[in-house]
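Each chain, written out:
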Amino acid sequence: MKWIYSVSLAVTLAMQPAFADVQPAQHPLTPQARDAFVSDLLKKMTLDEKIGQLRLITVGPENTKEVIRDMIQQQQVGAIFNTVTRQDIRAMQDQAMQLSRLKIPLFFAYDVIHGQRTAFPIPLGLAASWDLDALADVGRISAYEAADDGLNMTWAPMVDVTREPRWGRVSEGFGEDTYLTAEMGRTLVESMQGKSAADRHSVMTSVKHYAAYGAVEGGRDYNTVDMSPQRLLQDYLPPYKAALDAGSGGVMVSLNSLNGVPATADSWLLKDILRDDWKFKGITISDHGAIKELIKHGVASDPEDAVRLALKSGVNMSMNDEYYSKYLPGLVKRGEVSEQEIDDATRHVLNVKYDMGLFNDPYSHLGAKESDPQDTNAESRLHRAEARDVARKSMVLLKNRLETLPLKKSGTIALVGPLADSQNDIIGSWSAAAVSGQAVTLLQGMKNATDGKATILYAKGANVTDNKGIQDFLNLYENAVNKDTRSAQQMLDEAVAAAKQADVVIAAVGEARGMAHEASSRSDITIPPSQVKLLDALKATGKPLVIVLMNGRPLALVKEQQQADAILETWFSGTEGGNAIADVLFGDYNPSGKLPMSFPRSVGQIPIYYNHLNTGRPYNFEKPNKYTSHYYDAANGPLFPFGYGLSYTSFKVSPVTLSADTMPRDGTVNASVTVTNTGKRDGATVVQMYLRDQVASISRPVKELKGFKRIMLKAGESQTVTFPIDVDALKFWNARLQQVAEPGKFSVMIGLDSADTEEAEFTYL
Ligand code: NOJ
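Residues numbered from 1 in each chain as written. Predicted model: local features only at pLDDT ≥ 70, side-chain atom pairs only at ≥ 80, totals over all residues. Heavy atoms only, no water.

1. Observations concerning the overall build of the chain
- Scanning the chain from terminus to terminus reveals 23 helices and 27 strands.
- A globule of 765 residues ought to have a C-alpha radius of gyration of about 27 Å, and the chain, at 26 Å, matches this closely.
- Overall, the C-alpha framework of the chain stretches about 75 × 65 × 50 Å when taken along its three principal axes.
- Contacts in the chain between residues at least 24 apart in sequence constitute 78% of all its contacts with a sequence separation of at least 6.
- Carbon and sulfur atoms form 50% of the exposed surface of the chain, whose accessible area is close to 28,900 Å². (Helix = DSSP H or I, 4+ residues; strand = E, 2+ residues; numbered from the N terminus. Rg over C-alpha atoms; globule rule 2.2 N^0.38 Å. Contact = heavy atoms within 4.5 Å. Areas by Shrake-Rupley, 256 points an atom, 1.4 Å probe, with all protein chains shown as cover.)

Next up, the structure:
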């Protein structure tokens, strides 16, 4: 699918200040011209200059801007990470262009994960929108804002499929499903790179983390991954491939080992699959410090060994560590690494610089000095309307007893909870250059929405956590969570007093943003005890209780699901989060989001995912039997299944009709349902199509998502949705690692979540 500018976006972009006129391209952006140019340049470079290109350096306490400027002049660095203003970037580029011998421009990279100056919802929330047009807007605006800050590359999208809610990085990806993740990744690459990464307002993407980082054992970050080749090929690799097929110029190599081999030293991943099978032509970049880590992994005996291994395995550029610069010259001298291997890696760096248009204009993302914004955080640089629109699409209504929601904009509303007025949390982790002071909290959003028509009583009620160890962890690098000066009891009493005066209680609870981040794995995925206490006390008031969740992972919510009259999952919803949540709470927007991950009942059920195998002894809810696959001490199945989400209206899905009962070898079958909005409000929903290969040479999942469509229906309106199914949708990797579609019967299941579907079957001939 092609991404399309939304009208509002096109208008907003057109309104931005103009930049220096682009000179006619001296170096045409074609592979032929590039190859000739780069070959010529390589001939002029010394070995040291080539090795310098292979280093991407992080600006930070170890390497200050001043230190780096000297290195740039000596051509010891190829690219820079972690500098985000045009002034800083221009100063470094000047150094390269004015003082270095060959005047090879630098490129500048950053983690633009869900927006740059404007924070959109975290990626898990974006996935919950199932809205590729909205995602394309996010990609386009993020790239626009990043390029406007002078950046050329982003460390995104993260397309690590994961079935591990304990892993803090689930917040950065698109959830548990291969197909959904692939669609999201592809859309972001297309929209961020635009027609060309060289365009003034595009950035090159670097898809990460290749490969299978989402499957770290136990959800513990940086841990080992071990999986069958079938599962790797079938479930974990396709999203990377989709993002690369969409043209991503870069790949970031993951930190984990896969079946014993660290990805940074895995020539099977980096050469055989990436280059030979997938024909990837772009650049591979290590993750932060990963080359050094080969020693700790126990596959390299010393720094030189690590460098030799990484380079020969196919890591072109090193992120941050100095190992390539320090040890490659000696390795080449001793003949352990050939000059040809250095040339190959350097060529990839120069190629992407060429593709970024930097040899035509090293300042192409900077413009003239005079055009620099006086205030990099100026309001005029934000895209608030678009952020609000996407944020409300990302929210998932998990429960709504007796139509507790939407709320009336009148009466008295108690808004309680440590996340209700937290600007820092609502923008989410990896919020790039977004400033939390510009974020709209839920309290502010509700005030904006009610505009004095309702009385809003706010009380914090509890700290996010009272656990000193966790507070210290979260505050390690920044002042992330403040422990309130009041005692827990005082806060609780204040909240209960507010609740007693109110017609309805809104409790904004969940996680601090730092609890769902890199290096933030949890062994317990419940709401922290301080907030559980608050919910208990609020429940005891007998007032209708609406839980507004802010969190970056699936949580175990068994108790909360029983307590609450309504639950709205809002993730970390970004700069405009508070307004967007208020839109949903008050019914100005009818929720339409669907879960991109199953929500377990408890941590003991993990891994829990919808596309599991049937086993020889599947558990049957209707006829429970001891000797079937289940836990005897808990209800089975997830609390909320993949694809699930309610609306303020109701929908009915017709039985599935098929265009034919059989699919010939190269043919297609169309599967259709008619969806009717049977309620009284207009609303959007997501129609999901799943397939099951009933009998195959290896056991196949009970269902797999193979298509989805977001539709908008007015009250009473019907729409027929048709999914074409072709042979690619039937294929899988068999025991001999061949990708095949085997003849036989297939079930087609269509519904508005993964658990409740209409079913038909056809035969593949
Ligand atoms: C390490 C993380 O794993 C990666 O995702 C990120 O892009 C880099 N650090 C740079 O911040």
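2. Description of the sheet that holds strand β11 (residues 396-400)
- Strands sit in the order β11-β16-β15-β14-β12-β13 across an open sheet of 6 strands; the sheet is mixed. Two strands in the sheet have a free side with no partner beyond their single neighbour: β11 and β13 (455-459). Going across the sheet, the axis of each strand differs from the next one's by a mean of 15 degrees, ignoring polarity.
- With 6 bridges joining them, strand β14 (residues 504-510) and strand β15 (residues 545-550) adopt parallel strand pairing. Residue pairing in the sheet places G510 in a bridge with M550 of β15. (Pairing = 2+ DSSP bridges. Axes fitted to C-alpha atoms, helices over the stretch in contact; angles between N-to-C directions.)

3. Here we look at the pattern of salt bridges
- Summed over the entire model, instances satisfying the criterion amount to 48 salt bridges.
- Residue E164 is joined to R166 by a salt bridge in which the shortest nitrogen-to-oxygen separation is 2.6 Å. For the pair E164 and R166, a shared accessibility class is recorded, and that class is buried.
- With a closest N to O distance of 3.1 Å, D728 and K731 form a salt bridge.
- For K731, a relative accessible area of 24% corresponds to the partly exposed category.
- Linked by salt bridges that have partners in common, R86, R90, R117, D148, D149, R200, D372 and R381 make up one network. (Salt bridge = Lys/Arg side-chain N within 4 Å of Asp/Glu carboxyl O. Buried < 20%, exposed > 50% of the residue type's maximum accessible area, 1.4 Å probe, protein only.)

4. Side note on the side chain of R186
- Here R186 is to be found in helix α8 (residues 178-193).
- A polar contact of 2.8 Å, which involves the side chain of R186, links it to the side chain of E183. (Polar contact = N/O pair within 3.5 Å; in protein donor to acceptor, adjacent residues only side chain to side chain.)

5. Looking at the sheet that holds strand β27 (residues 757-764)
- Pairing is mixed across the open sheet formed by 5 strands, whose spatial order is β19-β27-β26-β21-β22. The open sheet is flanked by β19 (662-663) and β22 (704-713), the only strands paired with a single partner.
- In this structure, β19 lies alongside β27, joined through 2 bridges in parallel fashion. Bridge pairing in β27 links T662 to T763.

6. A short note on the domain arrangement of the chain
- According to the domain assignment, the chain consists of domain 1 (32-365), domain 2 (384-605) and domain 3 (651-764).
- Here domain 1 and domain 2 have C-alpha centroids that lie 35 Å from each other.
- Listed by partner, the interface residues are 43 residues for domain 1 and 41 residues for domain 2.
- The largest share of the area that domain 1 buries against domain 2 comes from A119, P165 and R166, three residues that together contribute 17% of it. (Domains from an automatic or database assignment. Buried area = accessible area lost by both parts, 1.4 Å probe.)

7. Some words on the pairing of strand β6 (residues 250-253)
- Of the two faces of β6, the one carrying G250 and M252 and the one carrying V251 and V253 are both buried.
- Judged from the 3 bridges that link them, strand β5 (residues 204-210) and β6 form a sheet pairing that is parallel. In the sheet register, S206 faces β6, and the bridge partner there is G250.
- Note: β6 against strand β9 (residues 283-285), 3 bridges, orientation parallel. Residue pairing across strands places G250 opposite I283, the latter belonging to β9.

8. Considering unusual backbone geometry
- Following K208, the chain continues into H209 via a peptide bond in cis, with omega recorded as -10 degrees.
- You can see H209 is positioned in strand β5.
- In this model, W130 sits at a positive phi of 45 degrees, which is unusual for a non-glycine residue.
- With respect to the secondary-structure elements, W130 resides in the loop between α6 (123-129) and α7 (132-148).
- Positive phi, normally seen in glycine, also occurs at W571, with a value near 55 degrees.
- Mapped onto the elements of the fold, W571 is located in the loop between β16 (566-569) and α23 (577-585).
- With relative accessibility at 0%, the residue W571 sits in the buried group.

9. Concerning the nonpolar core
- The biggest cluster of nonpolar side chains holds 198 residues, and the ones touching the most others in it are F107, Y210 and L585.
- For this core, the element with the most residues is α7, which contributes 8 residues.
- Beyond its immediate chain neighbours, meaning those up to four positions away, F107 contacts L56, G78, A79, I80, N152, M153, I285, M317, V352, K353, M356 and L358.
- Grouped together as the second largest cluster of nonpolar side chains are 27 residues, I725, L752, A760 and F762 included. (Core = buried A, V, L, I, M, F, W, Y, C linked by side-chain atoms within 4.5 Å.)

10. Examining the site of the ligand
- In the neighbourhood of the ligand, the contacting residues comprise F81, D111, W155, R169, K208, H209, M252, D287, H288, W430 and E518.
- R169 is positioned such that a nitrogen or oxygen atom in its side chain is 2.7 Å from an oxygen atom of the ligand.
- A distance of 2.6 Å is found between an oxygen atom of the ligand and a side-chain nitrogen or oxygen belonging to H209.
- Protein chains bury 94% of the 300 Å² of accessible surface belonging to the ligand in isolation.
- A class-by-class count of the residues in the shell around the ligand yields 4 nonpolar, 2 polar and 5 charged. (Near = heavy atom within 4 Å. Nonpolar A, V, L, I, M, F, W, Y, C, P; charged D, E, K, R; others polar.)

11. Section: the packing of helix α9 (residues 229-236) against helix α10 (residues 238-245)
- Their axes nearest at 6 Å, the elements α9 and α10 cross at an angle of 45 degrees. As judged from the angle between their axes, α9 and α10 are oblique. Residue-level inspection shows L232, L233, Q234, D235 and Y236 of α9 in contact with α10, the latter providing P238, P239 and Y240.
- Residue composition of the contact of α9 with α10, grouped by class: 6 nonpolar, 1 polar and 1 charged. (Parallel < 35°, antiparallel > 145°, perpendicular 65-115°, else oblique.)

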